[in-house]
Amino acid sequence: MSFRVKKQWLLARLYEPDLVIVDCRFALGKADAGQHAYEESHIPRAVYLDLERNLSAPVTDHGGRHPLPDAEHMAKVFGQAGISRDSRVVIYDDQNGMVASRLWWMLRFTGHQQTYVLEEGFTAWSQAGYPVTADLPVVIPATYDVELQGEMVADVEHVRKASFTGSATLIDSREPSRYLGLEEPIDAAAGHIPGAVNYFWKDLLTQQGSWKSPEEWSNHFQELPKDQELIIYCGSGVSACPNVLALLESGFTHVKLYPGSWSDWISYRENPVAVGDE
């Protein structure tokens, strides 16, 4: 099953009435950059959802830098964007699918099935000569019914158990230097959750920045056990989502996201930290 669509597919269906297109462009540390980029130019009919304002809860002591919102918040945000459970949703960004995959995961977590990530981002769409606009769409709010899929998520207790007992495989999606603890440009401590293996999410991409084929993804993950639970994390539960998508596309069925990820893990002083290559 593919959770991705090509830009040619979207172009051919751009004005079909059940289609909702979502722009998720975002720049870490630049609060309004995605919103401004959207207002300047976007795919026709696209609505804008911001990672921090719309797709994250307020930051507290625990939960990480981009905490997962509660069901009520997600139902309100999705409904106001015109998304119902009957909509087909196509999501894009300009961050190699990182933020788009976060929304893709959130929609699936709330029970939505027909949700897809555009394989290439807005820049590729625009450079192909496909239509763009600065006109804001007229959005008709919808009712969004949430059915949380609890098997898709792991909390800190679940992750502790996996780390201490090996009951699940922990996958760290950050760049190797952060996994190894050689640097930490964002969070308060460097290193990784003990027992985790490193699968940098950008290894899912070609050198040109587009996503690799399903066959390449399957080969990339071939050493992981298909009969064991996999728990995926990153810094704050965003860049782990491309790995979740790719693993599910590659036939892995026991895949969970740890939404709080590293920034949540280190918020508990008793949690151990590993450095170096285990």
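Residues numbered from 1 in each chain as written. Predicted model: local features only at pLDDT ≥ 70, side-chain atom pairs only at ≥ 80, totals over all residues. Heavy atoms only, no water.

Trainee: I tried to follow the overall build of the protein on my own but got confused; where do I start?
Mentor: Along the protein, the regular secondary structure elements total 10 helices and nine strands. Considering only C-alpha atoms, the protein reaches an extent of 50 × 40 × 35 Å along its principal axes. A burial count over the protein gives 51% of its 278 residues as buried. A fraction of 77% describes how many contacts in the protein between residues 6 or more apart in sequence connect residues 24 or more apart. Accessible surface computed for the protein: about 12,300 Å², of which carbon and sulfur atoms make up 49%. Here the protein contributes 23 positively and 38 negatively charged side chains, and the mean placements of these two sets differ by 2 Å. (Helix = DSSP H or I, 4+ residues; strand = E, 2+ residues; numbered from the N terminus. Buried < 20%, exposed > 50% of the residue type's maximum accessible area, 1.4 Å probe, protein only. Contact = heavy atoms within 4.5 Å. Areas by Shrake-Rupley, 256 points an atom, 1.4 Å probe, with all protein chains shown as cover. Lys, Arg positive; Asp, Glu negative; His and termini not counted. Charge placed at Lys NZ, Arg CZ, Asp CG, Glu CD.)

Trainee: Can you walk me through the layout of surface pockets in this structure?
Mentor: Taking a probe equal in size to a water molecule and rolling it over the atoms shows the remaining empty space. Approximately 420 Å³ is the volume found for the largest pocket. For the largest pocket, the lining is made up of 22 residues, of which L28, M98, I186, W201 and S239 are closest to its centre. Here the residues of the lining of the largest pocket are counted per class, giving 11 nonpolar, six polar and five charged. (1 Å grid on protein atoms, 1.4 Å probe; cavity = no way out; pocket = protein on both sides within 12 Å on 5 of 7 lines; lining within 4 Å. Points joined across faces, edges and corners; volume = space filled by probe spheres on them. Nonpolar A, V, L, I, M, F, W, Y, C, P; charged D, E, K, R; others polar.)

Trainee: Explain the pairing of strand β6 (residues 169–172) to me, please; I cannot follow it from the model alone.
Mentor: Working note: regular strand, side chains alternate between the two faces of the sheet. Where burial is concerned, the two faces of β6 agree: the one with T169 and I171 and the one with L170 and D172 are both buried. Relative to strand β8 (residues 230–233), β6 runs parallel, the two sharing four bridges. The partner of L170 across the bridge, within β8, is I231. The pairing of β6 with strand β7 (residues 197–198) spans two bridges and is parallel. Each residue of the ladder has a partner; that of I171, found in β7, is V197. (Pairing = 2+ DSSP bridges.)

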